[in-house]
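These are the residues of each chain, in order.
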Amino acid sequence: MNPKRLTFTNRNGLELAAHLYLPANQKPSFFALFAHCFTCSKNFSAVTRICTALSQNSIATLSFDFTGLGMSEGEFEESTFSSNVSDLLDAAYFLTKEYQAPKMLIGHSLGGAAVLYAAAEMPEVKAVVTIAAPAYPGHVQNLFSESVAEIEKNGKAKVNIGGRPFTISKSFLDDLEQKPLDTFLKKLRKSLLVMHSPQDEIVEVTNAAEIYNAALHPKSFISLDGADHLISNPEDAEYIAEMVGSWSKRYVAIEGAEEENDTRGNQVFVRLSGDKYTTEVMTPNHHLIADEPSEVGGADLGPNPYDLLMASLGSCTAMTLKMYAERKKWPLEEVSVFLNHEKVHLADSENPENSSAKVSQFTRIIEIEGDLDGEQRQRLLEISNKCPVHKTLQEEIVIQTMLSK
């Protein structure tokens, strides 16, 4: 089941709830640690979407609830920004002890500021990613600015953030003020990716510029154009995970990268885990995604099963024509194959109204480019019907199905 539900104990003896998102073959390229936004939790939609997508990019990701939030023990009013940082360090220790030391930290909003501080104390971490992070932690006071005076006077106050009540203590405010990032970032010896939306109305994009300018190279910036602060659009979350996965390949050394995917001795391994229909497809050397369109409840993150079937036929057709032309030394330059699928009635069926009389029909349109004469083109058309997948689809097929022991 993805995610895997876990707990670990922090340095104060409190049990913190966590989710570990693992790739389908249970063999991640590396482990990452995700820090959620202020007053959020590991179950926040953006967190689950990003972590799920990262696992589908072969990055195992641990997200957890900070002290006093979600399913974790403790009182939120007794927590501080520093305690968030220490929770991150304890989560990293848990990962190191039970699985593998995290090589990348990812933080959203105030969690982004927290991972910048925590990374300095984690020598194994090679890369840090901030998403909509403030340039100074004290920025979070803007969420309850009307209550700051009451907090200063009474030592704490109950505030409403995102429609939920929270008690903020003066020690929390004082701790935020003591955490400037500009001078600290110059000492950070990690690869840094700053991600921020120009339309962010909670933490302005100028914060990203401050973080970027204060940090040393290697550093990168990716604009999350059109996204809101909470990354509420699923497409934005998927984009973030895709970009983080691609960017990390340059900065995070992957141990055992030459190893094949574990398909348990089979040619193909498929896993569906989660609320929708997004499905991971794995061969010993490759990893791809299948899905259903959004109109039928899917997330539309990949081709649907019939699209994959047509892709198999189309790619086999193109490869077969290329191989044949090379053997004949014909000047074939490019092959394009367009495919469609539909259910049609058998022309000679005695009961055309019977749904069982329908068969699958694939329409294959082939475009051939190159200095070829009419006879050569006709021969290539004939050869297209001899591609192995075409032959397989026309054979009598037997599918044996059994439950795994």
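Anything mentioned here points back to the structure above.
Fair warning: this is a prediction, and the values are worked out from it, not measured in the lab.

Draft legend 1. Representation of the overall build of the protein within the structure. On a plain count of helices and strands, the protein comes out with 11 helices and 15 strands. Of all 405 residues assigned to the protein, the portion counted as buried reaches 48%. Taking all contacts inside the protein whose residues are at least 6 apart in sequence as the whole, residues at least 24 apart take part in 62%. Counting only carbon and sulfur atoms, one obtains 49% of the accessible surface of the protein, whose full area is about 21,500 Å².

Draft legend 2. Highlighting a negative patch on the surface. On the surface, Glu333, Glu334, Glu367, Glu369, Asp371, Asp373 and Glu375 cluster together into a patch of negative charge. Of all the secondary-structure elements, those providing two or more residues to the negative patch are strand E14 (332–345) and strand E15 (358–370).

Draft legend 3. Seen up close, the nonpolar core. Ranked by size, the top nonpolar core spans 48 residues in total, and within it Leu33, Leu62, Phe64 and Leu88 carry the most contacts. Leu62 has contacts with Leu6, Ala18, His19, Leu20, Ala32, Leu33, Phe34, Ala91, Phe94 and Leu95, leaving out every residue within four places of it along the chain. The next biggest cluster of nonpolar side chains, apart from the first, holds 29 residues, and it includes Ala127, Leu224, Ala227 and Val252.

Draft legend 4. Geometry of the pattern of salt bridges. Within the structure shown, the criterion is met by four salt bridges. Arg271 is the partner of Glu280 in a salt bridge, and the nearest nitrogen-oxygen pair spans 2.8 Å. Arg271 carries the same exposure label as Glu280, and that label is buried. Between Arg379 and Glu382 there is a salt bridge, with the nearest N and O atoms lying 2.9 Å from each other. Of this pair, Arg379 and Glu382 are both found in helix H10 (residues 374–384), three residues apart, which corresponds to roughly one turn of the helix.

Draft legend 5. Here's a closer look at unusual backbone geometry. In this structure, the amide linkage connecting His217 to the following residue, Pro218, adopts the cis form with an omega of 5°. Within the secondary structure, Pro218 sits in the loop between helix H7 (206–214) and strand E10 (219–223). In this structure, Ala132 takes a positive phi of about 55° despite not being glycine. Topologically, Ala132 is positioned in the loop between strand E6 (127–131) and helix H4 (148–154). For Ala132, a relative accessible area of 3% gives the class buried.

Draft legend 6. Up close: helix H1 (residues 45–56). The terminal C-alpha atoms of H1, which comprises 12 residues, lie 17 Å apart, in line with the 16 Å expected from a rise of 1.5 Å per residue. When H1 is considered as a whole, its buried residues turn out to be Ala46, Val47, Ile50, Cys51, Ala53, Leu54, Ser55 and Gln56. Once H1 ends, the next one or two residues include Ser58, with phi positive near 70°.

Draft legend 7. A look at the pairing of E10. Alignment of strand E9 (residues 191–196) against E10, held across five bridges, turns out to be parallel. Pairing of Leu192 across the sheet is with Lys219, part of E10. With H7 bridging E9 and the parallel E10, this β-α-β connection has right-handed handedness.

Draft legend 8. Looking closely at the packing of aromatic side chains. This model, assessed by the stated rule, comprises six aromatic pairs. Considering the side-chain rings of Phe8 and Phe94, the 5.4 Å spacing of their centres and the 20° angle between planes classify their relative orientation as stacked. On the criterion of sequence distance, the pair formed by Phe8 in strand E1 (residues 4–9) and Phe94 in helix H2 (residues 81–98) is long-range, its members being 86 residues apart. Each member of the pair, Phe8 together with Phe94, is buried. Considering the side-chain rings of Phe64 and Phe66, the 5.0 Å spacing of their centres and the 75° angle between planes classify their relative orientation as edge-to-face.

Draft legend 9. Representation of the sheet that holds strand E11 (residues 269–272) in the model. Within the open sheet, the three strands sit side by side as E11-E12-E13. Their pairing is antiparallel. Edge strands, defined here as strands with exactly one partner in the open sheet, are E11 and strand E13 (286–290). The average undirected angle you get between the axes of adjacent strands in this sheet is 20°.

Draft legend 10. Expanded view of a nonpolar patch on the surface. There is a patch of nonpolar side chains on the surface, built from Tyr306, Leu309 and Leu393 and spanning about 240 Å² of accessible area. Here Tyr306 lies in helix H9 (residues 305–328). Judged by relative accessible area, which is 42%, Tyr306 ranks as partly exposed.

Reading the values: rules and limits
Residues numbered from 1 in each chain as written. Predicted model: local features only at pLDDT ≥ 70, side-chain atom pairs only at ≥ 80, totals over all residues. Heavy atoms only, no water. Helix = DSSP H or I, 4+ residues; strand = E, 2+ residues; numbered from the N terminus. Buried < 20%, exposed > 50% of the residue type's maximum accessible area, 1.4 Å probe, protein only. Contact = heavy atoms within 4.5 Å. Areas by Shrake-Rupley, 256 points an atom, 1.4 Å probe, with all protein chains shown as cover. Patch = residues over 30% accessible without salt bridge, like charges linked within 9 Å, V, L, I, M, F, W, Y side chains within 5 Å. Salt bridge = Lys/Arg side-chain N within 4 Å of Asp/Glu carboxyl O. Lys, Arg positive; Asp, Glu negative; His and termini not counted. Charge placed at Lys NZ, Arg CZ, Asp CG, Glu CD. Core = buried A, V, L, I, M, F, W, Y, C linked by side-chain atoms within 4.5 Å. Expected span 1.5 Å × (residues − 1). Pairing = 2+ DSSP bridges. Right-handed = clockwise from strand over helix to strand, strands pointing away. Phe/Tyr/Trp six-rings, centres within 6.5 Å; stacked < 30°, edge-to-face > 60°. Axes fitted to C-alpha atoms, helices over the stretch in contact; angles between N-to-C directions.

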